[in-house]
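# Architecture and fold: a report
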Amino acid sequence: MGRLLKSGSGWRLGWDANAHVYRALIGGDDWAIEFTDSELADFVRLAAQLSSTMSQMAAELMDEEAIACEAESGLIWLEVEGYPHAYSLRFILLSGRRSEGFWSEAVVPELLQAIQTLQVF
């Protein structure tokens, strides 16, 4: 498999199997950053973990109650903030390029679905 680029309203995901270091691309409409395999694996794992946590919190919170949850590895920090049914997602790379990105609650559901299809490595 060579290159793959997926995009939607407010998000972009890419994969280049032939790249030596930065094979994944994660981005929004106006920004993008390349990820290593390890950074992508942690991003995917932590995003799924936070999504699951938000789903579980739906039964614990009142409808008007918002929440923020975070998770991190040695490579990346992620935070979701909002309501169990509508939340934003933010990340910060903790080493190397030390970059950060953000997606609004309108973008996150489609982004999370697309992330699962990017697992080609």
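Conventions we followed
- Residues numbered from 1 in each chain as written.
- Predicted model: local features only at pLDDT ≥ 70, side-chain atom pairs only at ≥ 80, totals over all residues.
- Heavy atoms only, no water.
- Axes fitted to C-alpha atoms, helices over the stretch in contact; angles between N-to-C directions.
- Helix = DSSP H or I, 4+ residues; strand = E, 2+ residues; numbered from the N terminus.
- Parallel < 35°, antiparallel > 145°, perpendicular 65-115°, else oblique.
- Left-handed = near helix turned anticlockwise from the far one by under 90°.
- Contact = heavy atoms within 4.5 Å.
- Nonpolar A, V, L, I, M, F, W, Y, C, P; charged D, E, K, R; others polar.
- Pairing = 2+ DSSP bridges.

### Digging into the packing of helix α1 (residues 37–57) against helix α2 (residues 108–117)
Interaxial distance between α1 and α2 falls to 11 Å at its minimum, and their mutual angle equals 135 degrees. Taken together, the axes of α1 and α2 are oblique relative to one another. Helix-helix and strand crossings are classified by hand; for α1 and α2 the assignment is left-handed. In contact with F43, V44, A47, A48 and S51 of α1, α2 contributes L112, I115 and Q116. Residue composition of the contact of α1 with α2, by class: 6 nonpolar, 2 polar and no charged.

### Observations regarding the sheet that holds strand β7 (residues 86–93)
What the 4 strands build is an open sheet, ordered β5-β6-β7-β8; its pairing is antiparallel. Only two strands of the sheet have a single neighbouring strand rather than two, namely β5 (67–72) and β8 (100–103). Recorded for the sheet is a direction-independent mean angle of 15 degrees between the axes of neighbouring strands. Sheet strands touched by α1: β5, β6 (76–83), β7 and β8. Its angle to β6, the strand with the most contacts, is close to 25 degrees. Packed on one face of the sheet, α2 meets β7 and β8 and runs near 55 degrees to β7.

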